[in-house]
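Here are the chains, one letter per residue:
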Amino acid sequence: MKILPEISESSSVFSYNRFGVAGSDRPKEPQDGITIVETLREALTKAGFEPPFLLVGHSLGGLYANLYARLYPNEAAGIVFLESSHPKDINLDQYQGKVVKTINKLFTLFDSLSSHKQYNEVNFVKRTVDQIHQTGRFPEIPLYVVTGGKENRMMPEEVRKIRLENQLDLLSLSRFSKHIIAEKSGHFPQLSEPRVVIDTIKAAVEQIKEAK
């Protein structure tokens with residue numbers, strides 16, 4: 001909400017919660033990437049929006065934006081990866097301590113016993129990553145990568161370095177890419193530095209307009 005009002009003054013904006021998130025309905029089928037992309041496309045159509053779109057994906061949302069652009073390149077005018085997950089981030093799990101891994105396994109077990117949690121998107125990240133790898137090339141569209149520059153004391157140094165490398169790797173998806181460091185932010189620049197996010201989105205919109 002710190003960025004939507006100002007962005008809405010100059011562009012039409014569609015913001016939503018995926019199934020299983022916040023106030024949205026609980027999912028009734030596995031929430032892998034393709035399912036989530038198709039649900040978004042249906043929602044956009046019903047809301048009266050027409051492509052192409054500038055997709056802004058935060059965290060896991062970055063995986064879905066990545067997949068969307070590959071599946072429907074003519075519908076993606078540009079992308080802002082906002083502290084986005086990279087497909088390779090799934091390998092960072094190996095650096096977690098044994099205690100954290102054990103807790104995560106317990107949570108996964110509990111989720112599988114619930115009639116709706118078993119379908120939550122967090123249980124299908126690997127499938128989503130596989131879908132990205134199996135889909136066509138990323139289109140040559142404007143691409144902005146916003147990375148939080150603030151050190152996370154809870155994240156081991158080795159993990160931080162690898163994740164930064166993955167963030168930089170996102171830039172290689174398109175010739176028209178730019179890296180933005182949100183110096184005072186961790187994983188949520190939209191909360192800690194909304195101005196950086198607003199300016200990045202506006203810059204992406206202008207680049208898209210100039211390319212027409």
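Fair warning: this is a prediction, and the values are worked out from it, not measured in the lab.

Rules and cut-offs
- Residues numbered from 1 in each chain as written.
- Predicted model: local features only at pLDDT ≥ 70, side-chain atom pairs only at ≥ 80, totals over all residues.
- Heavy atoms only, no water.
- Helix = DSSP H or I, 4+ residues; strand = E, 2+ residues; numbered from the N terminus.
- Buried < 20%, exposed > 50% of the residue type's maximum accessible area, 1.4 Å probe, protein only.
- Contact = heavy atoms within 4.5 Å.
- Areas by Shrake-Rupley, 256 points an atom, 1.4 Å probe, with all protein chains shown as cover.
- Pairing = 2+ DSSP bridges.
- Axes fitted to C-alpha atoms, helices over the stretch in contact; angles between N-to-C directions.
- Core = buried A, V, L, I, M, F, W, Y, C linked by side-chain atoms within 4.5 Å.
- Parallel < 35°, antiparallel > 145°, perpendicular 65-115°, else oblique.
- Left-handed = near helix turned anticlockwise from the far one by under 90°.
- Nonpolar A, V, L, I, M, F, W, Y, C, P; charged D, E, K, R; others polar.
- Salt bridge = Lys/Arg side-chain N within 4 Å of Asp/Glu carboxyl O.

S.K.: Can you explain the overall build of the protein? Please cite residues and give values.
M.R.: Helix and strand counts for the protein come out as 8 helices and 4 strands. Traced from its N-terminal end to its C-terminal end, the protein shows the element sequence α-α-β-α-β-α-α-β-α-β-α-α. By the burial criterion, 40% of the 212 residues in the protein qualify as buried. For the protein, contacts bridging at least 24 residues in sequence account for 76% of all contacts bridging at least 6. Accessible surface, the protein: about 12,600 Å² in total, of which carbon and sulfur atoms supply 53%.

S.K.: Can you tell me about the sheet that holds strand 3 (residues 143-148), naming the residues and giving the values?
M.R.: Strand order in the open sheet formed by 4 strands is 1-2-3-4, and the pairing between neighbours is parallel. Looking at which strands have only one partner, the edges of the open sheet turn out to be strand 1 (53-59) and strand 4 (177-182). Ignoring strand direction, the axes of neighbouring strands in this sheet form an average angle of 15 degrees. Both strand 1 and strand 2 (residues 76-84) contribute to a ladder of 7 bridges, which runs parallel. Opposite G57, over in strand 2, you have F81 as the bridge partner. Its contacts with the sheet put helix 3 (residues 60-71) on strand 1 and strand 2, and the angle it makes with strand 1 is roughly 145 degrees. Across the sheet, helix 8 (residues 194-211) lies against strand 1, strand 2, strand 3 and strand 4, angled at about 160 degrees from strand 2, the strand it touches most.

S.K.: Describe the nonpolar core, and please don't skip the residues or the numbers.
M.R.: Of all hydrophobic cores here, the largest spans 26 residues; its most connected members are L55, Y68, I79, F81 and F138. Top element by residues in this core is helix 3. It accounts for 7 residues. If you look at the next biggest cluster of nonpolar residues, it comprises 13 residues, including V80, I180, I201 and V205.

S.K.: I'd like a rundown of the environment of S185, residues and numbers included.
M.R.: Following the sequence through the fold, S185 ends up in the loop between strand 4 and helix 7 (189-192). Among the residues examined, S185 registers a relative accessible area of 0% and is labelled buried. Along the backbone, S185 and N152 are 33 residues apart, and their C-alpha atoms lie at a distance of 9.6 Å. Contacts of S185, omitting those with residues within four sequence positions, involve G148, G149, K150, S192 and E193.

S.K.: Please provide a residue-by-residue account of the packing of helix 3 against helix 5 (residues 125-134), values included.
M.R.: With their axes 10 Å apart at the nearest point, helix 3 and helix 5 run at an angle of 30 degrees to one another. Taken together, the axis directions place helix 3 and helix 5 in an arrangement best described as roughly parallel. Handedness of the helix 3/helix 5 crossing: left-handed. Where helix 3 approaches helix 5, its residues L60, L63, Y64, N66, L67 and R70 are matched on the opposing element by V125, T128, V129, Q131 and I132. Class assignment for the residues of the contact of helix 3 with helix 5 results in 7 nonpolar, 3 polar and 1 charged.

S.K.: Which residues make up the pattern of salt bridges, and what values go with them?
M.R.: Counted according to the given criterion, the structure contains 11 salt bridges. As a salt-bridge pair, R41 and E75 come within 2.7 Å of each other at their nearest N and O atoms. Within this pair, whereas R41 is found in helix 2 (residues 33-46), its partner E75 is found in the loop between helix 3 and strand 2, the two being separated by 34 residues in sequence. Taking the relative accessible area as the measure of exposure, E75 reaches 15% and is therefore buried. A salt bridge links E42 to K46; the nearest nitrogen and oxygen atoms lie 3.4 Å apart. Remark: K46 and E42 occur in helix 2; sequence separation between them is 4 residues, near one turn of the helix. Classification of E42 as partly exposed rests on a relative accessible area of 45%. Through salt bridges with shared partners, a single network forms among E6, R195, D199 and K202.

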